[in-house]
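Overview (structure and organization)
Below, each chain spelled out in residue letters.
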Amino acid sequence: MPRKLSTDDELLARLRTLTAQARERAEYQRSQVELAIALQRGMLPRDLPDTPRFHLAVRYAPATYGLNVGGDWYDAFTLPDGRIGLSIGDVQGHNIEAAAFMGQVRAGLRALASVTGEPGELLSRTNDLLITLGNDLFATCTFMRLDPETGVLESARAGHIPFVWATADGKSGIGEDEGGPPLGIEPGTAYPVSRFRLTTGGMFVLLTDGVVEGPSMNIEEGLDQVARLAGIAAVAGLEAHSLAAAVIKGAEQVGHEDDAAVLVMGHDGLDGTP
């Protein structure tokens, strides 16, 4: 006759089963995270435009806790007329679907920028395109168009946090441009455009909320901290790469489990001096 399992044997068998199930779930979760991170990195640009008097630098830190891999992105590319397009944004949610939607938003912006690079119109067209896709997700975004010949910078925001600026003469602050709602929510939305002329050397910092907001820091404190860093960098004549590294390092203080993306544009001013 077969031996009857004792209570201890039954507990051990149950424990082995639970352990195997937990291992399978952990392996599945790890593969999902690795897939989402690979998807993100594959959709981010490998090269940035190289323009005299203007210097671009980026830093990106994906979330690595659980499945909190979201859809933050940055982009910089040359428009058909020779001007430079800069974008940064954040997709709602933290999963593979958010990372995939990020790719759609970034690709849509690039494709439509070949038709119009005017920031307000570009965001409006991208917004309408995303709505036609029937996805329940939405994205915040800032898009800027830079004319390297004249130093004119145009900017429009779709629900995204403001940029930070600093100049070599010791001034710095947080952008106060008017924005519109996130992309993918309301069809026919108009996005106002702000225009600047970069006559004095300095820095512009575009970032996502994972850099400046979290359990340990509110967004106002985070933006003020970045403005201080940008001000120091502009006065000291530091490179854009140095400021980008300092800003992403400061993101560790917010206590977040979110993606963090930084795009820094350093400019020498129209006279060519730092």
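Presented here is a report on the structure given in the accompanying data block. What you see is a predicted model, and the numbers here were worked out from it, not measured in a lab.

Attention now goes to the sheet that holds strand 1 (residues 54–61). One open sheet holds the five strands; their spatial order is 1-10-9-6-7, and the pairing between them is antiparallel. Sheet topology places strand 1 and strand 7 (172–174) at the edges, where each strand pairs with a single neighbour. Each strand of the sheet is rotated relative to its neighbour by a mean of 15°, with strand direction disregarded. Pairing of strand 6 (residues 164–167) with strand 9 (residues 202–207), which is carried by four bridges, proceeds in the antiparallel orientation. The residue bridging Val164 from the neighbouring strand is Val205, located in strand 9.

Checked against the element boundaries, Thr208 lands in the loop between strand 9 and helix 4 (219–236). A distance of 3.0 Å separates a polar side-chain atom of Thr208 from the backbone nitrogen of Ala261. Among residues more than four places away in sequence, those in contact with Thr208 are Asp72, Ile88, Gly89, His160, Ile161, Asp259, Ala260 and Ala261.

Not every positive phi belongs to a glycine, and Arg53 is a case in point at roughly 75°. Examined against the element boundaries, Arg53 turns out to sit in the loop between helix 1 (7–43) and strand 1.

Attention now goes to the packing of aromatic side chains. In this description, a pair of aromatic rings is defined by centroid distance and the angle of the planes. Applying the stated criterion to the full structure yields five aromatic pairs. Ring geometry for Phe163 against Phe196: centres 5.7 Å apart, planes inclined by 90°, an arrangement best described as edge-to-face. Taken together, the residues span a long stretch of sequence, with Phe163 in the loop between strand 5 (152–158) and strand 6 and Phe196 in strand 8 (residues 194–197) at a distance of 33 residues. A residue is classified by how much of its surface remains accessible, and Phe163, at 3% relative accessible area, is buried. On the accessibility criterion, Phe196 (27% relative accessible area) is partly exposed. Taking the centre distance of 5.2 Å and the plane angle of 45° together, the rings of Phe163 and Phe204 count as tilted. Remark: Phe204 occurs in strand 9 and Phe163 occurs in the loop between strand 5 and strand 6; sequence separation between them is 41 residues. Grouping aromatic residues by their ring pairs yields a cluster made of Phe163, Phe196 and Phe204.

Analysis parameters
- Every chain is numbered on its own, with residues counted from 1 as its sequence reads.
- Whole-chain, interface and lining totals are the exception, using all residues; otherwise, since this is a predicted model, local features are given only for residues with pLDDT of at least 70 and side-chain atom pairs are given and counted only at 80 or more.
- Water and hydrogen atoms were dropped before computing side-chain values, which therefore reflect all heavy atoms in the structure.
- Strand pairing is assigned whenever DSSP detects at least two bridges linking the two strands.
- Starting at the N terminus, helices and strands are each numbered in turn, a helix being any DSSP run of H or I of at least four residues and a strand any DSSP run of E of at least two.
- The axes used here are C-alpha line fits, helices contributing only the stretch in contact, and every angle between their N-to-C directions lies in the interval 0 to 180 degrees.
- In protein, a polar contact means a hydrogen-donor-capable atom and an acceptor-capable atom, both N or O and within 3.5 Å, with residues adjacent in sequence counting only if both atoms are side-chain atoms; elsewhere, any N or O pair within 3.5 Å suffices.
- We call two residues in contact whenever any of their non-hydrogen atoms come within 4.5 Å of each other.
- Only Phe, Tyr and Trp rings are paired, with Trp represented by its six-membered ring, and only when their centres lie within 6.5 Å; those with planes under 30 degrees apart are stacked, over 60 edge-to-face, the remainder tilted.
- When a residue's accessible area, from a 1.4 Å probe over protein chains only, is under 20% of the maximum for its type it is buried; when over 50% it is exposed; and in between it is partly exposed.

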